[in-house]
Amino acid sequence: MAERFELAKDYTISRVINGCWQLSEGHSLQEKLDMQDAMKAFHMLAERGFTTFDCADIYTGTEEFLGEFLTELKAGSTLSPHDIQIHTKYVPDINLLSEVDYNYTEKVIDRSLKRQKREALDLVQFHWWDYDVPGYVETAVDLLKLKEKGKIRNIAVTNFDTKHLSELVDAGIPIVSCQNQYSVFDRRPEKELIDYCKSKGISLLCYGTLSGGLLAEKWIGQPSIQPETRSHVKYFQVIEDTLGWDGYQELLLMLQRIGKKYSVKASQIATKYILSGQGVGASIIGVRNSRHVESNAQIFTFELDRSDIEEIKQFLDNYPILEGEPFELERTVGSKYRDIMKMNLNEE
C-alpha cells in the first residue's frame, strides 16, 4: 500500500501522487491514449492506496475525467469519492494576468468545482506566469477569501520561487505546499527553496521525478532519443544542460545497479531518492495507462540505505545544477525552456 503523509491538519495524501498532465490533450506527440485503460488505472491505483490525483484547469479534459472517475466510484466500489484527493491548479493565462480579479478567480474555481463534481476543491495550486505583472499577492488573497467561503479546502502554489513564495507567506496566505520540478536531473529546489519551505512548514510536491519516462532502463546504451511526448522534449533539455548524454548513461547504470539490490527498477530508485529528501511531502508520477500501476506500488516495498543515497548525491554533485531558482529559466524570455511552454491554455 502507498505511504501517506499529513499535508495539512486533517488532510492526508498518498506520498506518490497520480499525475494527469499526460492525459491532457496535446501532451502526446505520437501515441493515441486509451482513456478507458487510463480509467482502469485510476481504479487500480486508488485500491492500492494511491488516492491522490494531480490535475489542472489548463490540462484539457483532466478535471472532467476525474469527475467521471468520482461518479464511477459512487456507482459501485469499496472506495467513495470522499476517499479521493484531487489537487488542481489555478493558472491564469499570461495574456490575462493584468485583468485577473476576484470575480475572474471565483469563476475559474467554480468551473473546476463543476468539472470535478465537488462542493469544495481539496487543494488549489496557484501559478503566476510573469512576476513583472503585479497582482499575484492580491490573487492569492482572493483564493483565501474563496477558502473562507468554503469553496477551497487548502491553498498551495506551483512553480513559485523562494522570493515570491515568501511574499505570499508574509501576506498571511496559509500555503500548505509548493509544487515544483525536482528530480535527479533538476535540483534547483536544493539551492534555497527546500530550506525556506521547511522553515515555514510548507511541503514540497515534486513533479518531473521520472522526467517523462527518461529514467528507465530502456534508454541504457541508446545513442540518442526520439521524443515521443512534450515531457520528453522538456526534460531532455534539462539533461543536456546538466549531466549531458554520457553522464545520463552513467546515472542510469548506477540506478539500475542499486535497483538490483532491492529487486526494483531504476525509476523506483530515482523516485525513492527524491522522496527521501528533507522537506519532500510527495512525488507526482504521471499516469497514462494501467501497465505501470504495479511498479508504482513497488516504490514502498523498500527503503534506500544511507550509503545508496550518499552515492547518488556524490555522483550528482559532480555535475552542474540548472541556472537560477525553480522555474526561473522557464520564465526567462528567449530561453529554450520558455519557448516550449504554452501559456494561454484556459478556455471559456
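Predicted model only: the values in this text are computed from it and were never measured. (Residues numbered from 1 in each chain as written. Predicted model: local features only at pLDDT ≥ 70, side-chain atom pairs only at ≥ 80, totals over all residues. Heavy atoms only, no water.)

### Here we look at the sheet that holds strand β8 (residues 175-181)
So, step 1. Within the closed barrel, the eight strands sit side by side as β3-β4-β5-β6-β7-β8-β9-β10. Their pairing is parallel. Strand-to-strand twist across the sheet, computed as the mean angle between neighbouring axes with direction ignored, equals 30°.
So, step 2. Of the pairings in the sheet, the one linking strand β4 (residues 52-54) to strand β5 (residues 85-90) comprises three bridges and is parallel in character. Across the sheet, Phe 53 pairs through a bridge with Ile 86, a residue of β5. (Pairing = 2+ DSSP bridges. Helix = DSSP H or I, 4+ residues; strand = E, 2+ residues; numbered from the N terminus. Axes fitted to C-alpha atoms, helices over the stretch in contact; angles between N-to-C directions.)

### Some points on unusual backbone geometry
So, step 1. Its identity is not glycine, yet Lys 117 carries a phi of approximately 60°, on the positive side.
So, step 2. Residue placement: Lys 117 occurs in the loop between α3 (102-116) and β6 (121-126).
So, step 3. Here Ser 211, not a glycine, exhibits a phi torsion of approximately 50°, which is positive.
So, step 4. The residue Ser 211 is located in the loop between β9 (203-207) and α7 (230-241) in this model.

### Some points on the pattern of salt bridges
So, step 1. Summed over the entire model, instances satisfying the criterion amount to 24 salt bridges.
So, step 2. Between Glu 240 and Lys 336 there is a salt bridge whose closest N-O contact spans 3.6 Å. Placement of the pair is Glu 240 in helix α7 and Lys 336 in helix α13 (residues 336-339), with a sequence separation of 96 residues.
So, step 3. Looking at Lys 336, the relative accessible area reads 32%, which means it is partly exposed.
So, step 4. Between Asp 308 and Lys 261 there is a salt bridge whose closest N-O contact spans 3.0 Å. You can see Asp 308 sitting in helix α11 (residues 306-316) and its partner Lys 261 sitting in helix α8 (residues 244-262), a full 47 residues away along the chain.
So, step 5. Given the relative accessible area of 46%, Lys 261 is considered partly exposed.
So, step 6. When salt bridges that share partners are traced, they join Glu 106, Asp 110, Lys 149 and Lys 151 into one network. (Salt bridge = Lys/Arg side-chain N within 4 Å of Asp/Glu carboxyl O. Buried < 20%, exposed > 50% of the residue type's maximum accessible area, 1.4 Å probe, protein only.)

### Quick word on the pairing of β6
Each regular strand shows side chains that alternate between the opposite faces of the sheet.
So, step 1. When you tally the buried positions in β6, you get six out of six residues, the bulk of the element.
So, step 2. The sheet contact formed by β5 and β6 spans four bridges and is parallel. In the strand pairing of β6, Lys 89 is matched with Gln 125.
So, step 3. Direction of pairing for β6 relative to strand β7 (residues 152-158): parallel, over a ladder of five bridges. Paired with Val 124 across the strands is Ile 155, a residue of β7.
So, step 4. For the handedness criterion, the β-α-β arrangement of β6, helix α4 (residues 136-148) and β7 is classed as right-handed. (Right-handed = clockwise from strand over helix to strand, strands pointing away.)

### Considerations on helix α1 (residues 35-47)
So, step 1. Taking 1.5 Å as the rise per residue, α1 with 13 residues should run 18 Å; its terminal C-alpha atoms sit 19 Å apart, in good agreement.
So, step 2. Residues of α1 that are buried: Asp 37, Ala 38, Met 39, Ala 41, Phe 42, His 43, Met 44, Leu 45 and Ala 46.
So, step 3. Between the side-chain oxygen of the N-cap and the backbone nitrogen of Gln 36 there are 3.1 Å, and the N-cap of α1 in question is Asp 34.
So, step 4. A positive backbone phi angle near 95° is found at Gly 49, which sits one or two residues after α1. (Expected span 1.5 Å × (residues − 1). Polar contact = N/O pair within 3.5 Å; in protein donor to acceptor, adjacent residues only side chain to side chain.)

### Focus on α8
So, step 1. Compared with the 27 Å implied by 1.5 Å per residue over 19 residues, the 27 Å span of α8 between its first and last C-alpha is a close match.
So, step 2. Along α8, the residues that are buried comprise Gly 244, Gly 247, Tyr 248, Gln 249, Leu 251, Leu 252, Met 254, Leu 255, Ile 258, Gly 259 and Tyr 262.
So, step 3. Each element contacted by the buried residues of α8 is listed here: α7, α9 (266-275) and α11. (Contact = heavy atoms within 4.5 Å.)

### Structural notes on the pairing of strand β10 (residues 280-286)
So, step 1. Counting buried positions along β10 yields six of seven residues, so the element is predominantly enclosed.
So, step 2. Two elements, strand β3 (residues 16-19) and β10, share four bridges in a ladder whose sense is parallel. By the bridge assignment, Gly 19 is partnered in β10 with Gly 286.
So, step 3. Where β9 and β10 come together, three bridges link them in parallel fashion. In the sheet register, Leu 204 faces β10, and the bridge partner there is Val 280.

### Quick notes on the side chain of Gln 181
So, step 1. Secondary-structure assignment places Gln 181 in strand β8.
So, step 2. A relative accessible area of 5% means that Gln 181 is categorised as buried.
So, step 3. A polar contact of 2.8 Å, which involves the side chain of Gln 181, links it to the side chain of Asp 186.
So, step 4. Within the structure, the side chain of Gln 181 is placed 3.4 Å from the side chain of Lys 234, a separation counted as a polar contact.
So, step 5. Apart from residues no more than four positions distant in its own chain, Gln 181 is found in contact with Asp 186, Arg 188, Pro 189, Tyr 207, Lys 234, Tyr 235, Val 238 and Glu 330.

### Focus on empty space enclosed by the protein
So, step 1. As enumerated under the stated definition, the model contains one cavity of 30 Å³ or more in all.
So, step 2. The calculated volume of the largest cavity comes to roughly 50 Å³.
So, step 3. Looking at the largest cavity, the residues that line it are Leu 45, Gly 286, Val 287, Arg 288, Asn 289, His 292, Val 293 and Asn 296.
So, step 4. Class assignment for the residues of the lining of the largest cavity results in three nonpolar, four polar and one charged. (1 Å grid on protein atoms, 1.4 Å probe; cavity = no way out; pocket = protein on both sides within 12 Å on 5 of 7 lines; lining within 4 Å. Points joined across faces, edges and corners; volume = space filled by probe spheres on them. Nonpolar A, V, L, I, M, F, W, Y, C, P; charged D, E, K, R; others polar.)

### A few points about the environment of Glu 3
So, step 1. Examined against the element boundaries, Glu 3 turns out to sit in the segment before β1 (4-8).
So, step 2. Residue classification places Glu 3 among the partly exposed positions, given a relative accessible area of 27%.
So, step 3. The sequence separation of Glu 3 and Phe 50 amounts to 47 residues, and the corresponding C-alpha distance is 8.4 Å.
So, step 4. When near neighbours in sequence (up to four residues on either side) are disregarded, Glu 3 contacts Ile 13, Ser 14, Arg 15, Lys 272, Phe 300 and Glu 303.

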